[in-house]
Every structure is written in structure tokens, then in C-alpha cells.
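Coordinates in review
In case you want the letters, here they are:
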Amino acid sequence: FIMRTSLALVVILAVIPALVLCTDGFDLSYFQGRLGESTFTCLKNSGYTFGVIQAQTEDGSPNQYAVGNVQAAHSAGIEHVDLYIFPNPNSDPATQVKNTINAMQGALGGNMIWFDIEAPSAWNSDCSANVAWLQKAISTAKSVSSAGIGIYSSASQWGPIMCSSTDFSSYPLWYAHYDGNPSFSDFSPFGGWNRPAVKQYQGTTSICGTSIDKDYY
């Protein structure tokens with residue numbers, strides 16, 4: 001879930017270390033249902049300037065609330081809203097990704113699609129099969145959308161699922177570490193990533209009548 005503008009800011013941070021810039025965001029799962037514009041207005045007024053909304057559920061189905069929530073966030077003045085796909089590794093990657101992206105056409109714009117890689121027990125015990133699955137999912141996403149692609153994961157999840165493959169390190173990384181610290185100071189390289197793009201630094205948080213995870217870049 002980082003926007004192209006967001007990536008430009010990350011580059012600035014890398015080139016000018018002295019620049020201190022903190023951008024707060026949120027991510028929202030399908031469990032929160034359809035939210036009104038007032039919820040996103042509250043989030044914006046609370047300092048959240050970007051969001052990532054779940055586009056696909058664990059069974060491989062599109063999130064029926066995603067498009068409405070993205071549109072409500074935009075109406076509230078939150079310009080940068082990405083989508084994330086929670087894949088179903090037990091079904092065909094091309095079919096589910098194509099179906100989800102087609103269902104999200106009212107929400108994609110020019111922002112990012114993040115593939116959420118976690119829950120090792122849901123994946124194949126053969127890492128090479130998992131790598132091939134994700135490669136097919138990403139190639140499908142690229143063939144049906146011009147949106148940027150990113151990976152959401154952490155070292156504890158990427159290791160057992162992908163056997164620490166570095167095949168995807170060219171894509172921006174959104175990593176999870178619930179230390180309550182909106183900073184990349186805790187990051188340790190894994191999977192070929194030496195620098196993250198986004199950090200999910202706090203889990204379920206009640207705010208503005210809903211529940212979010214907190215993110216930073």
C-alpha cells in the first residue's frame with residue numbers, strides 16, 4: 001500500500017538522512033464492513049493521511065466493501081488509498097487475482113496493490129511452489145492493472161513460506177513489527193530487502209468507531 005508519491009518520499013528519505021518526516025496511515029480489513037465518509041473524515045482529522053484497504057478475503061473472494069470504502073476515504077480527503085490482497089494459496093492465483101482486480105476497478109486509481117504474505121500453515125510446505133504461486137499472482141496483476149505492486153510480510157512469515165527467497169526484493173516492502181514505534185529503526189533485512197517502504201507498527205486499534213492497524217512511512 002504505498003502510493004507512487006509515497007515512494008518518492010521514501011527515496012527522499014534515503015537520499016537526505018537528515019530529513020525527518022513521519023507520515024501516519026492505517027489499514028482496514030473487510031471485517032470492518034462498509035464505513036461512512038464520516039469515519040474517514042475522523043481518521044483524517046486524527047492525523048492519518050494514507051490508507052490500505054483489504055481487497056480480497058482469505059477465501060479468494062473480492063471484499064464487497066472495498067470500493068465503497070476507498071471512495072468514502074477519497075471523499076473525506078484521504079487521497080492515497082491502496083489495496084491489499086490476502087491470497088488463497090490453495091486456489092488458482094490467476095483466477096482469484098483477476099477477479100479481485102476486476103471487482104476493484106472503481107477503487108484502484110494509480111495506487112498500489114499489496115500482496116499479504118503471512119500465515120505459513122495456509123501455504124504449501126514446498127517453498128518453491130509458493131514462490132511460483134506468488135510469481136503467477138503478480139504477473140496476473142500486472143497484466144490486468146497498471147497499479148504498482150508491493151509485498152506485505154515479516155521475517156517470521158516470509159522465512160517459512162518462501163524460504164527467505166529474494167526473488168521479490170525489487171518490489172516495495174511493507175513489513176509488520178508491532179513495537180508501537182513509527183520508525184524504521186528496528187528493521188533488519190530479510191528476503192533481499194535492505195530498506196522497507198512502509199511499516200505496520202501497531203495492531204488492532206479502536207478509533208473513530210472502527211478498528212484499524214497503524215502504519216508509517
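This section reports on the structure supplied with the text. Keep in mind it's a predicted model, so treat the numbers as computed, not measured.

Observations concerning the packing of aromatic side chains
- Summed over the entire model, instances satisfying the criterion amount to 15 aromatic pairs.
- When the centroid spacing of 6.1 Å and the interplanar angle of 80° are considered together, the rings of Tyr-84 and Trp-174 count as edge-to-face. Of the two residues, Tyr-84 is situated in strand 3 (residues 80-85) and Trp-174 in strand 6 (residues 173-176); the sequence distance between them amounts to 90 residues. Pair check on accessibility: Tyr-84 and Trp-174 agree, each one buried.
- Pairwise contacts between aromatic rings join Trp-158, Phe-168, Tyr-175, Phe-184, Phe-187, Phe-190, Trp-193 and Tyr-216 into one cluster.

A closer look at helix 5 (residues 127-144)
- With 18 residues, helix 5 extends 26 Å between its outermost C-alpha atoms, agreeing within 8% with the 26 Å of an ideal straight helix rising 1.5 Å per residue.
- For helix 5, the secondary structure elements touched by its buried residues are helix 4 (93-103), strand 4 (112-116), strand 5 (148-153) and helix 6 (155-162).

Digging into unusual backbone geometry
- Located in the positive-phi region is Cys-163, a residue other than glycine, with phi close to 50°.
- By the element assignment, Cys-163 lies in the loop between helix 6 and strand 6.
- Phi at Ser-164 takes a positive value of approximately 60°, unusual for a residue other than glycine.
- With respect to the helices, strands and loops of the structure, Ser-164 is situated in the loop between helix 6 and strand 6.

Observations concerning the nonpolar core
- Ranked by size, the top nonpolar core spans 49 residues in total, and within it Phe-40, Phe-115, Ile-117, Leu-134, Ile-151, Trp-158 and Phe-168 carry the most contacts.
- Here this core takes six residues from helix 5, the largest share from any one element.
- Apart from residues lying up to four places away in sequence, Ile-117 is in contact with Pro-87, Trp-123, Leu-134, Ile-151, Tyr-152, Ser-153, Gln-157, Trp-158, Ile-161 and Met-162.
- Of all hydrophobic cores here, the second largest spans ten residues; its members include Val-52, Tyr-84, Tyr-152 and Val-198.

Some thoughts on the side chain of Asn-69
- Looking at where Asn-69 falls in the secondary structure, it is placed in helix 3 (residues 66-75).
- In contact with Asn-69, other than residues within four places in its own chain, are Leu-28, Gly-33, Arg-34, Leu-35, Phe-40 and Ile-53.

A short note on the state of the cysteines
- On inspection of all chains with the given rule, the structure shows two disulfides.
- Disulfide pairing places Cys-42 opposite Cys-208 at an S-S distance of 2.1 Å. Here Cys-42 and Cys-208 share a disulfide; its torsion about the S-S bond, -75°, makes the bridge left-handed. Pair noted here: Cys-42 is in helix 2 (residues 37-45) and Cys-208 is in the loop between strand 7 (198-207) and strand 8 (210-216), with a separation of 166 residues, a long-range link.
- Classification of Cys-42 as partly exposed rests on a relative accessible area of 29%.

Details of the environment of Gln-64
- Mapped onto the secondary structure, Gln-64 falls in the loop between strand 2 (50-56) and helix 3.
- Considering only alpha carbons, one finds Gln-64 and Met-104, 40 residues apart in sequence, at a separation of 9.2 Å.

Describing the pairing of strand 1 (residues 24-28)
- The buried count for strand 1 comes to four of five residues, which makes it a mostly enclosed element.
- Direction of pairing for strand 1 relative to strand 8: antiparallel, over a ladder of four bridges. Each bridged residue has a counterpart across the sheet, and for Gly-25 the counterpart in strand 8 is Asp-215.
- Of the pairings in the sheet, the one linking strand 1 to strand 2 comprises four bridges and is parallel in character. In the sheet register, Phe-26 faces strand 2, and the bridge partner there is Gly-51.
- With helix 2 bridging strand 1 and the parallel strand 2, this β-α-β connection has right-handed handedness.

Here's the deal with the pattern of salt bridges
- In the structure shown here, the tally under the stated rule is two salt bridges.
- Residue Lys-199 is joined to Asp-186 by a salt bridge in which the shortest nitrogen-to-oxygen separation is 2.8 Å. Of the two residues, Lys-199 sits in strand 7 while Asp-186 sits in the loop between strand 6 and strand 7, which places them 13 residues apart along the sequence.
- Under the relative-accessibility criterion, Lys-199 is labelled buried at 0%.
- Each member of the salt-bridge network shares a partner with another, and the members are Asp-179, Asp-186 and Lys-199.

Calculation criteria
Residues numbered from 1 in each chain as written. Predicted model: local features only at pLDDT ≥ 70, side-chain atom pairs only at ≥ 80, totals over all residues. Heavy atoms only, no water. Phe/Tyr/Trp six-rings, centres within 6.5 Å; stacked < 30°, edge-to-face > 60°. Helix = DSSP H or I, 4+ residues; strand = E, 2+ residues; numbered from the N terminus. Buried < 20%, exposed > 50% of the residue type's maximum accessible area, 1.4 Å probe, protein only. Expected span 1.5 Å × (residues − 1). Contact = heavy atoms within 4.5 Å. Core = buried A, V, L, I, M, F, W, Y, C linked by side-chain atoms within 4.5 Å. Disulfide = S-S within 2.5 Å. Pairing = 2+ DSSP bridges. Right-handed = clockwise from strand over helix to strand, strands pointing away. Salt bridge = Lys/Arg side-chain N within 4 Å of Asp/Glu carboxyl O.

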